[in-house]
Structure formats: C-alpha cells, structure tokens
Amino acid sequence: MSATVGTLARRPLRALLAALHATLVALLAAALLAAPPASAAEEAAPTATLTEVTNFGTNPSNLRMYLYVPQTVTAHPAILVAVHYCTGSGPAMYSGTEYASLADKYGFIVVYPSVTRSSKCFDVSSPQALKRGGGSDPVGIKSMVDWTVGRYSADTSRVFATGISSGAMMTNVLLGDYPDVFAAGAAFAGVPFGCFATSDGSEWNSACAQGTITRTAQQWGDIARAAYPGYTGPRPRMQLWHGTADDTLRYPNFGEEIKQWTNVQGVSQTPAATDSPQSGWTRTRYGGTGDRAQVEAISLQGVGHNVYASGMGARVLTFFGLDGGGTAPQPPAGPCKVTVTSNAWSSGLTASVTITNTGTTTLNGWQLGFTLPGGQTITSGWNATYTPSSGTVTATNTSYNATLAPNASVSIGYQATHAGNSAAPGAFTLNRTACTAG
C-alpha cells in the first residue's frame, strides 16, 4: 500500500489527472453499456398531453372540456371540435381517434367535449339544443370554442367540428345552430339536423333512428335555417359518412342528410363527381368536384354503425383544408376566364366578378377560388356564398346560377373592408382548374 502511494506521489500532476480522467471515462462507458435501451413507448411518447379546462364559460348542461394543444402550434391556429359517441367521453375520443397526432403534425388545437349525464349521449333532440343560444349542450360547446379562441388567438374562420354517432348528430346540430362559428363539419353515422327532435324530454327518437323520417330537401333545409332565423351569411360545408348496414341509425338517414346540406348550401342534389377512393366506398361530391366541395358524402358498403376507422381522420383534414393541401401549386390556366372591376374607398371596397366558361362542357355546379390581398375581409356578397372571409376564398354557386354552359358567363360580387390595400384578388381557379384573368 505504501509503495503504491509513494509511486502516485512521485507522478507528475498532469499524469495523475490523465489517469483519473481515463478511469472516469471507462466507468461512464460501462454504465451506458449496462443501461437498458429506451422502450418503443418512450421513444413514441406524445409531445403534449390532454388537459381538462374548467370555468370555460356558459355551460348549462354541465359538460366537461378537454383540450389538446400540440407542443408546436401554428400562429392563429385552427380549432377542431371532436365530439364523442354515446357511452363515450372526451378522453375516450382523444385516445380512440388520431386527431391529437394529426394536431402534432399540422399545429391545430383539438377540443374534446364530454357529457356528464348518465347516458353519455349528447342532447340533439330538445327544443333548447335545436336553437342558436337556446341552451343545453351546443351552448356549452360554443363556450369551449370561445374560450380557446381567446386563450390561443385562434383563427375564427377555421373552426371545425367532427363526431361519431351521437357526436355526428351533434356535428349536424352545431352547424345548424352556429353557421357563423363553424366553417365545416364531418359526421360519421349521424342524422340530419332536427331529425331527432322530441318534445317529451326523451333523448331518443325511434322513428329517426329507424330511418323512417323523410322530408324534401327544402323542408330539411328550412329546419336547419330555422335554428338561426335571419342569418344570411356563408354556411358550413359538410362531409357525411355512413355504412349501408348500420342498424342503429339506419342508412336512409344518410340520404336525408345529403338532401339537407345540399339545400342549405344551395347546390344541386345531383353529384358533380362520383368516385370510389377505396374498395367498397362510394364518394359523391356536390357543388364542386374537388377535395373541398360544399358537400361530400361517403357510403361504405356492408359497414355497420361503427363506421369510423383509423385513417379516416386524415380524410377529414383534407376536406377541412387543415392538412396543408391548399398550398399545392395550381395547374396551368384552363378553359375559364375571370374579370374583376372594383370600387374602393378609405376603408372598404366592392368588387364585381364575371366568370366565363370558355370550355366545351357545361358545369353543373361551380366553385371559384381566389386569393384576397392581405388585410381584406369580405363582409357580404351576392350571387354566391363566400368562405372563408379572407385569405384563400371559395365562392360557390347559388341554386339559381349553378349551371354554366360553354361560353356563358355569370356575375357575382362582394363587399369587403381593407387595411390600405384595395387591390383586386388573384390566383383564380374554377372547380380547381386555373383560370385566365381578363
């Protein structure tokens, strides 16, 4: 022992430190080699967690609010309200769908309302629920949206709703009650707005569930419009999903929903496009042929009530325009021409837009896409519906000008505010085909 100590004592200080350093490195390497590798669960751990928000505003039916905010949120993010099924909950909707992981990817915020009544079903039947500001669940959900907008400076033109079963019915109700709040909805196995209405306090309407309530498109449209009397602004787009073998909310409800929302949008009940994006699926689009048609309906052959499956959430985002698809380059100029004349004053302007079909095929339903200069916001319009009110806008035909024959023209227009830039819009597309500006 003494010899060893003496030897160390005679070593130069630099050599001693080097020896100690080498020993520490060896010990650290051994520890690292002995440590177990990170599990797959640890490597795939989410970057954010579901949290509950309390005291979010008016909440007449005592709903609970759960919120998922990704670690990276876009500036002025979009909001997606994801509404659960009967017997479900907000946390169950969070864990059973991919909207949180999609929020991680695209930077939007997800609100998960959660029912506390014993049935765990949303109220889509009471007179209070079927009227804007009438009370019950829709009021509480709107309070959740308002709270989220205020807390995160969210984009009020990009608020969306989706739901499954009872949540699908609530999606229909939210779009009817609050057409000025929601830009679009996606309903998986639902029924039309007002179909489940009852007057005896019951939550269940057997006639509607069995698919025996049928009405004309005009009647269904009037029921939805009556939820917000006097409203004349843009109406939300709707995506509908239903299985042909659904024995809970039977398949005829799918056709009744199509009647309702095509009428609300003022577009033809004749599909502008029909395809099969997946085996056993039939997709019809109304009022347009692209991914953001006014109404999109997907029928799943042989599928029952549990229609929602993994991967469908991504298709919902495409319909909503939340997946970045709207930034894709436009195709070369096609067979259409657009001319614009405008009249501006200190803080506002009016624009008259003439669309000419220079192709050889009659358009049965059209959508004109264009980009407003920064700082401009549409406040009203005529001969078309406009959504959203700023940025990349889509003007959709009304019921009386949906047909555009070869060499025919249609005139539309709008009034807008501006913040100093009163220039005309640009980047015109007609049914997703680029147009020549005249």
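Scroll up for the structure.
Residues numbered from 1 in each chain as written. Predicted model: local features only at pLDDT ≥ 70, side-chain atom pairs only at ≥ 80, totals over all residues. Heavy atoms only, no water.

Draft legend 1. Up close: the sheet that holds strand E20 (residues 426-430). Pairing in this open sheet of five strands is antiparallel, and the strands run E16-E17-E14-E20-E21 from one edge to the other. On the outer flanks of this sheet lie strand E16 (385-387) and strand E21 (433-434), each paired with one strand and no other. In the sheet, strand E14 (residues 367-371) pairs with E20 via three bridges, with the strands oriented antiparallel. In the strand pairing of E20, Leu 368 is matched with Leu 430. (Pairing = 2+ DSSP bridges. Helix = DSSP H or I, 4+ residues; strand = E, 2+ residues; numbered from the N terminus.)

Draft legend 2. Local environment of the pattern of salt bridges. Taken as a whole and judged by the stated rule, the model has ten salt bridges. Taking the shortest distance from any N to any O, the salt bridge between Glu 256 and Lys 259 comes out at 3.1 Å. Of this pair, Glu 256 and Lys 259 both sit in helix H10 (residues 252-265), three residues apart, which is roughly one turn of the helix. You can call Lys 259 partly exposed: its relative accessible area is 22%. Close ionic contact of Asp 291 with Arg 285 constitutes a salt bridge, the shortest N to O distance being 2.9 Å. (Salt bridge = Lys/Arg side-chain N within 4 Å of Asp/Glu carboxyl O. Buried < 20%, exposed > 50% of the residue type's maximum accessible area, 1.4 Å probe, protein only.)

Draft legend 3. Seen up close, the sheet that holds strand E10 (residues 295-300). Spatially, E1-E2-E4-E3-E5-E6-E7-E10-E9-E8 is the arrangement adopted by the ten strands of the open sheet, whose pairing is mixed. Pairing within the sheet leaves two strands with one partner each, and these edge strands are strand E1 (50-53) and strand E8 (273-275). Shown here is a sheet whose adjacent strand axes are inclined to one another by a mean of 15°, direction ignored. Those strands touched by helix H5 (residues 99-106) are strand E2 (64-68), strand E3 (79-83), strand E4 (109-114), strand E5 (159-164) and strand E6 (184-188), and its axis lies near 160° from that of E4. (Axes fitted to C-alpha atoms, helices over the stretch in contact; angles between N-to-C directions. Contact = heavy atoms within 4.5 Å.)

Draft legend 4. Structural view of H10. With 14 residues, H10 should cover 20 Å at 1.5 Å per step; its first-to-last C-alpha distance of 20 Å lies within 8% of that length. Of all 14 residues in H10, eleven are buried, a share of seventy percent or more. Of the positions making up H10, those classed as buried are Asn 253, Phe 254, Glu 256, Glu 257, Ile 258, Gln 260, Trp 261, Thr 262, Asn 263, Val 264 and Gln 265. (Expected span 1.5 Å × (residues − 1).)

Draft legend 5. Spatial organisation of the layout of surface pockets. What the second largest pocket holds in volume is close to 800 Å³. Looking at the lining of the second largest pocket, the elements with two or more residues in it are helix H6 (136-152), H10, strand E15 (377-382) and E16. Its residues assigned to classes, the lining of the second largest pocket shows 16 nonpolar, 15 polar and six charged. (1 Å grid on protein atoms, 1.4 Å probe; cavity = no way out; pocket = protein on both sides within 12 Å on 5 of 7 lines; lining within 4 Å. Points joined across faces, edges and corners; volume = space filled by probe spheres on them. Nonpolar A, V, L, I, M, F, W, Y, C, P; charged D, E, K, R; others polar.)

Draft legend 6. Layout of the nonpolar core. Grouped together as the largest cluster of nonpolar side chains are 54 residues, with contacts concentrated most on Ile 79, Val 81, Val 145, Met 170, Phe 182, Phe 196 and Leu 240. Other than its neighbours up to four places away in sequence, Phe 182 contacts Val 81, Val 145, Val 159, Phe 160, Ala 161, Leu 174, Leu 175 and Pro 236. (Core = buried A, V, L, I, M, F, W, Y, C linked by side-chain atoms within 4.5 Å.)

Draft legend 7. Quick look at the packing of aromatic side chains. Within this structure, the stated rule accounts for 15 aromatic pairs. Geometrically, the ring pair formed by Phe 319 and Phe 320 is tilted, given 6.1 Å between the ring centres and 50° between the ring planes. For the pair Phe 319 and Phe 320, a shared accessibility class is recorded, and that class is buried. Each residue in the set Tyr 99, Phe 188, Trp 241, Trp 281 and Tyr 308 is aromatic and connected to the rest through ring pairs, giving one cluster. In this arrangement the basic side chain of Arg 151 is found over the ring face of Tyr 152, its NZ or CZ atom lying 4.9 Å from the centre. (Phe/Tyr/Trp six-rings, centres within 6.5 Å; stacked < 30°, edge-to-face > 60°. Lys NZ or Arg CZ within 6 Å of the ring centre and 35° of its normal.)

Draft legend 8. Seen up close, helix H7 (residues 166-177). Relative to the 16 Å expected for twelve residues at 1.5 Å per residue, H7 spans 16 Å between its end C-alpha atoms, a close match to the ideal helical length. All of the buried residues in H7 are Ser 166, Gly 167, Ala 168, Met 169, Met 170, Thr 171, Asn 172, Val 173, Leu 174, Leu 175, Gly 176 and Asp 177.

Draft legend 9. Inspection of the pairing of E6 at higher detail. Counting buried residues in E6 gives five out of five residues, a clear majority hidden from the surface. Taking every second residue as pointing to the same face, both faces of E6 are buried, with Ala 184, Ala 186 and Phe 188 on one and Gly 185 and Ala 187 on the other. Summarising the sheet, E5 and E6 pair through five bridges and their orientation is parallel. When the sheet's bridge partners are listed, Phe 160 is paired in E6 with Ala 184. Remark: the E5/H7/E6 crossover connection has right-handed handedness. Note that E6 and strand E7 (residues 237-243) share five bridges and pair parallel. What sits directly across from Ala 187, in E7, is Leu 240. (Right-handed = clockwise from strand over helix to strand, strands pointing away.)

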